[in-house]
Amino acid sequence: MTVSGPGTPEPQPAAPGASSVEQLRKEGNELFKCGDYQGALTAYTQALDLGATPQDQAILYRNRAACHLKLEDYHKAETEASKAIEKDGGDVKALYRRSQALEKLGRLDQAVLDLQRCVSLEPKNKVFQEALRNIGGQIQEKVRYMSSTDAKVEQMFQILLDPQEKGTEKKQKASQNLVVLAREDAGAEKIFRSNGVQLLQRLLDTGESDLMLAALRTLVGICSEHQSRTVATLSVLGTRRVVSILGVENQAVSLAACHLLHVMFDALKEGVKKGFRGKEGAIIVDPARELKVLISNLLELLTEVGVSGQGRDNALTLLIKVVPRKSPKDPNNSLALWVIDQGLKKILEVGGSVQDAPGELTVTANSRMSASILLSKLFDDLKCDAERENFHRLCENYIKSWFEGHGLAGKLRAIQTVSCLLQGPCDAGNRALELSGVMESVIALCASEQEEEQLVAVEALIHAAGKAKRASFITANGVSLLKDLYKRSEKDSIRIRALVGLCKLGSAGGTDFSMKQFAEGSTLKLAKQCRKWLCNDQIDAGTRRWAVEGLAYLTFDADVKEEFVEDEAALKALFQLSRSEERSVLFAVASALVNCTNSYDYEEPDPKMVELAKYAKQHVPEQHPKDKPSFVRARVKKLLAAGVVSALTCMVKTESPVLTSSCRELLSRVFLALVEEAEDRGTVVAQGGGKALLPLALEGTDVGQTKAAQALAKLTITSNPEMTFPGERVYEVVRPLVSLLHLHCSGLQNFEALMALTNLAGISERLRQKILKEKAVPMIEGYMFEEHEMIRRAATECMCNLAMSKEVQDLFEAEGNDRLKLLVLYSGEDDELLQRAAAGGLAMLTSMRPSLCSRIPQVTTHWLEILQALLLSPNQELQHRGAVVVLNMVEASREIASTLMESEVLEILSVLAKGKESPVTRVAAACLGKAVDYGLIKPNQDGE
């Protein structure tokens, strides 16, 4: 038996009575050959479900392994090959495929055993022999590397732990080398096996920030994507010890510990997904249990006295990242339920703490917002009413426990906790507001003479004003109170918050021009005061944030937008504040920019429906005259001139839970508005907008990702993609663009994605391979049949560029499809641009695959007319493409050449060949020359 290729499934004889199994297997093989590995996988799986014989099962499992190898899912490839080997221990193909998977997974010692077995079964097979030599070389290289690093690792630790070397350059270099070594898996393994974790523990125990940072960063390398090393590290260091490092005062050390814990969580979660087996790791553990131990320690840290505010924020950030499900499709929300039962009160305690208050937990300005986001994500992770009711009950019991029997201090904490819930899971916040005495206490405390008490109460009132259930109550009872506070309070911190409450209530009509809450000019006065406070750098960032909150509401009014974008000082102050450590301002900044650029969703009402509504005396929303497109474009220009792109780029880079999916969506909307005009795109690219859009297109809400992907498409269409997305970044653009090809996207998004992919496909083979890997070809083919002529044309142009790839050429050459026919027919269409794209694709394919030339006459009876029309086109580019197709056909076969020369094509070529020197005349002359060589025609007396 010989192996024709490392991953090609071969048809096998089927057992009697297994015709359907055999049919599905053959279907899978054909799909595999065409490059549809997912389709082949489905066919093989269906065949297995039909109750195949053990021999058939072995073949199907190994074929599934080949599919997984092509799809680069090496864990599954190993599993499928192992199943085939269980059915047939002497199956060399399965053994070979498992060795390939093991090699990719870095388990060279196991891969070599499979290859040795293959060679013993087929000693003369050159493929196996070559693979064994290659892997043997890799193992020797690894051994050499490991032995050479032995002494280095020992020397590095000696320098780092030597008290005489304190603060020296030598020590700094040793710590850097250790971190770099740990980034490579082989180096991390060497450090681990050289008693490295115990030595790193000694570095952590020194308490020196530089050494602690080096130790934590080295541990990141050791634990990254390695479950057994992660568990061993936790066992040596102690889970409690690792988590406690989060709470240190040094921010850099706390962040490094946060990164290490995140890496550990990822390693353990991966272990939970895959299950755990005794063979692979030295330590047999249940990763789910270790995961809960880590989370339990994080929850304990939240309410520990002595923990830094930054450490508390980092613990909340970790919980936000690792506890909720990544996708609603995942049915298992047990981790979120466990955290709610074990730690909800602790999270509420952080959310209810007042910054810098005596006797309170140490928190930062961002702590309450982080707690709100975590509570919101936990609430969103609940699947049924019973789970949500339990959440409400726990929150209400906690608030009641502080509200009753703890005096004024207890009431303040309860109200602060309600504010936290209103900023997060507002359903829970609304229910808490309705608890007996809560709203009344908020109103009463607004009149307190103590600034701290007023601040808590006014903030609660502001958050409550944004919720529909309470807005009418507050409009009736709170407006006069807020106005009184705004006018009479001597403290800016109170006045600015009262102003935000008024802004919220004043903007209740949103963008509806007819729904004005306050008298004419009142909103402009409020906005002017907000801008004044925003520009006052003598006020702390935490208080100025409230001015931005006010503007976020007031900028629903187009008059306010116009004045705001004219105020250069206010815009500059806004952008500076967005870069400050006051992270909780991000959402408000993004909201204000969405309003100024009108990038919220707005549908023009149907005139007939408007007339009906007026007739029925129903309210009809009105658009402000200054919200028309010309005004919006002018505002966008002013924002670009003020440096909005740089501010947005900094906001995207923020590593904070405040940058929620909703916030990302707002940023994506603003970016899309900024790149709407082609002339502005250069400015956006120059200020780093292309780089900032990539993470927005890959993470966030579905709407946000789509908006960011569309902005990327616009940039890719009108600029050089290699300059817009330098280096490896250009390959990251492909996936967001392909996502715009899905049917749920609009026709404009489909069109812009196709245009952008056309540009990328024309750059390099590697980019074409990336597009193929993202499974874009079937979708592009679908759009070639689209009724809309611009989408159809864009899809054809994209396919023309992709046709430079071997895989696409194989698709056209495969039997039983109409791809070639479609290109030939499109070459005869009236749409000149569609003609040009199709003829270009045809010219390229017939050049690369001469076998296609003989099939052109078979696909349609009108093929000669189409070629003649191309040759006679007044457009020189179309003429040239048509002439190249004819030349390829003439060179491919004497028979086709004869048919062409017997038609009017000969006369047309003769005329073209005598024309003014050009690419068309040269190709036409080459066609006639080949016909002369065949003896089909004779040169004239001049030898032409």
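The chain goes by Protein unc-45 homolog A in an unreviewed UniProt entry, where it is assigned to Equus asinus. The record held by UniProt for the chain lists under Subunit (unreviewed entry) the comment "Interacts with PGR isoforms A and B as well as with NR3C1 in the absence of ligand, and with HSP90AB1. Binding to HSP90AB1 involves 2 UNC45A monomers per HSP90AB1 dimer."

Under the 1.5 Å per step criterion, the end-to-end length of helix 51 (residues 876–892) is 24 Å for 17 residues, consistent within 8% with the ideal 24 Å. Within helix 51 the residues assigned to the buried category are Leu878, Gln879, Gly882, Ala883, Val884, Val885, Val886, Leu887, Asn888, Met889 and Val890. Buried positions along helix 51 lie against helix 48 (832–848), helix 49 (856–859), helix 50 (863–871), helix 52 (894–901), helix 53 (905–913) and helix 54 (919–934). Where helix 51 starts, the residue carrying a side-chain oxygen 2.8 Å from the main-chain nitrogen of Glu877 turns out to be Asn875.

Okay, the pattern of salt bridges next. Scanning all chains against the criterion turns up 46 salt bridges. The closest approach of N and O atoms between Lys714 and Glu752, which form a salt bridge, is 2.7 Å. Of this pair, Lys714 sits in helix 38 (residues 702–718) while Glu752 sits in helix 42 (residues 747–761); the two residues are 38 residues apart in sequence, bridging distant segments of the chain. Take Lys714: its relative accessible area is 3%, and that puts it in the buried class. We classify Glu752 as buried; its relative accessible area is 8%. Put simply, Asp185, Glu189, Arg193 and Arg229 are held in one network by salt bridges that share partners.

Topologically, Arg413 is positioned in helix 20 (residues 407–423). Take Arg413: its relative accessible area is 8%, and that puts it in the buried class. In this structure the side chain of Arg413 is engaged in a polar contact, spanning 3.2 Å, whose partner is the backbone oxygen of Glu349. Apart from residues lying up to four places away in sequence, Arg413 is in contact with Glu349, Gly352, Ser353, Glu360, Tyr398 and Trp402.

Our focus in this paragraph is the UniProt feature "repeat: TPR" (unreviewed entry) in the chain. In the numbering used here, UniProt assigns the "repeat: TPR" (unreviewed entry) feature to residues 92–125. A helix fraction of 79% and a strand fraction of 0% characterise residues 92–125, whose end C-alpha atoms lie 11 Å from each other.

Among the residues making up helix 12 (residues 227–237), those that are buried are Arg229, Thr230, Val231, Ala232, Thr233, Leu234 and Leu237. After helix 12 finishes, the residue Gly238 shows a positive phi value of roughly 90°.

Further remarks concern empty space enclosed by the protein. Gaps left between atoms show up when a probe the size of a water molecule is rolled over them. Taken as a whole and assessed by the stated rule, the structure comprises two cavities of 30 Å³ or more. Residue lining of the second largest cavity: Val824, Ser827, Leu842, Ile856, Trp863, Ile866, Leu867 and Leu870, and that is the complete set. With four residues, the top contributor of residues to the lining of the second largest cavity is helix 50. Among the residues making up the lining of the second largest cavity, the classes are represented as seven nonpolar, one polar and no charged.

Let us look at the packing of aromatic side chains. Using the criterion set out here, one finds three aromatic pairs in the structure. With 5.3 Å between their ring centres and 50° between their planes, Tyr96 and Phe128 make a pair best called tilted. Taken together, the positions of Tyr96 in helix 5 (residues 92–104) and Phe128 in helix 7 (residues 126–160) put the pair 32 residues apart, joining distant regions of the chain. Take Tyr96 and Phe128: they sit in the same class, and that class is buried. Stacked on the ring of Phe403, the Lys or Arg Lys411 has its end atom at 4.9 Å from the ring centre. Just above the ring of Trp546 sits the side chain of Arg545; from NZ or CZ to the centre is 4.6 Å.

So, on to the nonpolar core. Most often, soluble globular proteins keep nonpolar side chains buried together rather than apart. Core analysis: the biggest nonpolar cluster contains 257 residues, and Phe391, Phe671, Leu674 and Leu900 have the highest contact counts within it. Looking at this core, the element that brings in the most residues is helix 14 (residues 251–274), giving ten residues. Setting aside residues no more than four positions away along its own chain, Leu900 makes contact with Trp863, Leu864, Leu867, Val886, Met889, Val890, Val905 and Leu906.

So, about the side chain of Thr706. When you line up the elements, Thr706 lands in helix 38. Among the polar contacts made by the side chain of Thr706, one reaches the main-chain carbonyl oxygen of Asp702 at a distance of 2.8 Å. If we skip the residues at most four places from it in the chain, Thr706 touches Leu740, Cys745 and Gln749.

A pair of packed helices can be characterised by two numbers: the angle between their axes and the separation between those axes. Between helix 27 (residues 522–535) and helix 29 (residues 558–566), whose axes approach to 9 Å, the crossing angle comes to 30°. Relative to helix 29, the element helix 27 is oriented roughly parallel. Regarding helix 27 and helix 29, the two cross each other, and that crossing is right-handed. Within the contact between the two elements, helix 27 uses Thr523, Leu524, Ala527 and Arg531 and helix 29 uses Asp559, Val560, Glu563 and Phe564. A per-class count over the contact of helix 27 with helix 29 returns four nonpolar, one polar and three charged.

It is worth spelling out unusual backbone geometry at this point. The backbone of Glu225 sits at a positive phi, close to 55°, despite the residue not being glycine. As for its position among the elements, Glu225 is in the loop between helix 11 (209–223) and helix 12. On the basis of relative accessible area, Glu225 is assigned to the exposed category, the value being 78%. The backbone phi angle of Asn598 is positive, close to 50°, even though this residue is not glycine. Note on placement: Asn598 falls in the loop between helix 31 (586–596) and helix 32 (607–615). Note on Asn598: relative accessible area 16%, which makes it buried.

It is worth spelling out the environment of Asn397 at this point. Within the fold, Asn397 resides in helix 19 (residues 385–403). Considered as a pair, Asn397 and Ala432 are 35 residues apart in the sequence and their alpha carbons are 9.7 Å apart.

Let us look at the packing of helix 27 against helix 28 (residues 541–554). Put simply, helix 27 and helix 28 touch, their axes get as near as 8 Å, and they point 150° apart. Taken together, the axis directions place helix 27 and helix 28 in an arrangement best described as roughly antiparallel. For the crossing formed where helix 27 meets helix 28, the hand is left-handed. Each of Thr523, Leu526, Ala527, Cys530, Arg531, Trp533 and Leu534 in helix 27 lies in contact with helix 28, whose residues at this interface are Arg544, Ala547, Val548, Gly550, Leu551 and Leu554. Its residues assigned to classes, the contact of helix 27 with helix 28 shows nine nonpolar, two polar and two charged.

Rules of the game
Residues numbered from 1 in each chain as written. Predicted model: local features only at pLDDT ≥ 70, side-chain atom pairs only at ≥ 80, totals over all residues. Heavy atoms only, no water. UniProt positions renumbered as here; feature names shortened; annotations may be inferred. Helix = DSSP H or I, 4+ residues; strand = E, 2+ residues; numbered from the N terminus. Expected span 1.5 Å × (residues − 1). Buried < 20%, exposed > 50% of the residue type's maximum accessible area, 1.4 Å probe, protein only. Contact = heavy atoms within 4.5 Å. Polar contact = N/O pair within 3.5 Å; in protein donor to acceptor, adjacent residues only side chain to side chain. Salt bridge = Lys/Arg side-chain N within 4 Å of Asp/Glu carboxyl O. 1 Å grid on protein atoms, 1.4 Å probe; cavity = no way out; pocket = protein on both sides within 12 Å on 5 of 7 lines; lining within 4 Å. Points joined across faces, edges and corners; volume = space filled by probe spheres on them. Nonpolar A, V, L, I, M, F, W, Y, C, P; charged D, E, K, R; others polar. Phe/Tyr/Trp six-rings, centres within 6.5 Å; stacked < 30°, edge-to-face > 60°. Lys NZ or Arg CZ within 6 Å of the ring centre and 35° of its normal. Core = buried A, V, L, I, M, F, W, Y, C linked by side-chain atoms within 4.5 Å. Axes fitted to C-alpha atoms, helices over the stretch in contact; angles between N-to-C directions. Parallel < 35°, antiparallel > 145°, perpendicular 65-115°, else oblique. Left-handed = near helix turned anticlockwise from the far one by under 90°.

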